[in-house]
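Coordinates in review
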Amino acid sequence: MTIKTKEKAVATLPLNEILAGDCIDVMNALPEASVDLIFADPPYNLQLKGDLHRPNNSKVDAVDNAWDQFDSFKAYDAFTKAWLAAAKRLLKPGGAIWVIGSYHNIFRVGAELQTQGYWILNDVVWRKSNPMPNFRGKRFTNAHETMIWASKDEGSKYTFNYEALKELNEGIQMRSDWVLPICNGGERLKDDKGDKAHPTQKPESLLHRVLVGSTNAGDVVLDPFFGTGTTGAVAKALGREFIGIEREEAYRKVAAKRISRVRKFDKTAIAVTTPKRAEPRVPFGQLVERGLLRPGEMLTSPRGHLAKVRADGTLIADDVKGSIHKVGAELEGAPSCNGWTYWNFKRDGKNVSIDVLRQQIRAEMSE
């Protein structure tokens, strides 16, 4: 699972692998314009001064790792500039990037994104339903993190599965404030000593929403700060390809073990709701050609109107002739009508929408 890379360029993408090394060097060695989406959880540069303690004087397991420490804002900005430039080189023309951060770093990252020509689509607030309290009591509880979603440039035709996210939210348009819990309980990975394997492990629910909303099955997702592999685990389950980059060996081992246990959902399970206009067009006449409806068969409307199916895929009702849409509109005295949802046919004594037959053909077309 883990591959150590050198700075020389590689000819093909190392899909579904965890690459060892500095993310900037590794990204610069990968093929240009080869990645659909990047999810980045870079060091936050928290600038902690001393230990944090709870009211009972127990020590808080805060982020004090060497990888999160920079000598100055200037050093952090130089690092941000370099990895974002490497990331942009890797994105396909229709690619996009998500970057997550806290108030310590996200504004600096956002400014550099715009400086480099990325086009910011949204800032999404991840509001934690179970945040860690503010033990010092001198500031507000830090109950959220901010994610920036940006396309490669202003004209990019990025992926946005609007209908899928709407369905994920019980039919309501998904907002830019997401209430999700932090990673805890059984999802929190532990090392051999029983301690947290990583101090900032992200919950799979967060990556699930990101990947369902902004990628399609088969897309390549890169995470340059892979950590314990949340992006890889969710990508694998959802039928996306992933590439992880992680310089810390301990994290790579945990991530590799974790991802090896993940099983990909089947093809029908990872399919998501798409806009009606994106579905393949099926002429009504095709139902007649294939014998799903017969010439002479009668269709009914919700209000009891009757229409006869003709051999050329048109309908006739009284003195009205034409398409399923035209005849429905004429009978209702309406300017338009969606014939697919208006007309029904009889099967086993029950009214069935003709749209069922259209979906049957569409399902066959996608196999």
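Criteria and thresholds
- Residues numbered from 1 in each chain as written.
- Predicted model: local features only at pLDDT ≥ 70, side-chain atom pairs only at ≥ 80, totals over all residues.
- Heavy atoms only, no water.
- UniProt positions renumbered as here; feature names shortened; annotations may be inferred.
- Salt bridge = Lys/Arg side-chain N within 4 Å of Asp/Glu carboxyl O.
- Helix = DSSP H or I, 4+ residues; strand = E, 2+ residues; numbered from the N terminus.
- Buried < 20%, exposed > 50% of the residue type's maximum accessible area, 1.4 Å probe, protein only.
- Contact = heavy atoms within 4.5 Å.
- Phe/Tyr/Trp six-rings, centres within 6.5 Å; stacked < 30°, edge-to-face > 60°.

As named in an unreviewed UniProt entry, the protein chain is DNA methyltransferase CcrM, taken from Gymnodinialimonas ceratoperidinii. Looking at the Sequence similarities (unreviewed entry) heading of the UniProt record, one finds this comment for the protein chain: "Belongs to the N(4)/N(6)-methyltransferase family." What UniProt states about the protein chain under its Catalytic activity (unreviewed entry) heading is, verbatim, "a 2'-deoxyadenosine in DNA + S-adenosyl-L-methionine = an N(6)-methyl-2'-deoxyadenosine in DNA + S-adenosyl-L-homocysteine + H(+)".

**Digging into the pattern of salt bridges**
Opposite charge on two side chains lets them pair, provided their charged atoms get close. Using the criterion set out here, one finds 13 salt bridges in the structure. Among the ionic pairs, E297 bridges to R347, the shortest N-O distance being 2.7 Å. Of this pair, E297 sits in the loop between helix 9 (284–289) and strand 10 (298–300) while R347 sits in strand 14 (residues 344–347); the two residues are 50 residues apart in sequence, bridging distant segments of the chain. We classify R347 as partly exposed; its relative accessible area is 29%. Taking the shortest distance from any N to any O, the salt bridge between E332 and R303 comes out at 2.7 Å. Taken together, the residues E332 in helix 10 (residues 324–332) and R303 in the loop between strand 10 and strand 11 (306–309) connect sequence positions 29 residues apart. Classification of E332 by relative accessible area gives partly exposed; the value is 25%. Because the salt bridges share partners, they merge into one network encompassing R294, E297 and R347.

**Comments concerning helix 10**
Residues three or four positions apart in an α-helix share a direction because the helix packs 3.6 residues into each turn. Every buried residue of helix 10 is accounted for by I324, V327, G328, A329 and L331. Those residues of helix 10 that are buried lie in contact with helix 9, strand 12 (315–317), strand 13 (320–322) and helix 11 (339–342).

**Overview of the packing of aromatic side chains**
Ring pairs (aromatic) are described by centroid distance and by the angle formed between their planes. Enumeration according to the criterion identifies 11 aromatic pairs in this entry. Their ring planes at 65° and their centres at 6.1 Å tell us that F79 and F225 sit as a pair that is edge-to-face. Placement of F79 in helix 2 (residues 73–90) and of F225 in the loop between strand 8 (220–223) and helix 6 (230–237) is noted, with a sequence separation of 146 residues between them. Assigned by exposure class, F79 and F225 land together as buried. Here the aromatic cluster, defined as three or more aromatic residues joined through ring pairs, consists of W98, W149, Y158, F160, Y162 and W178.

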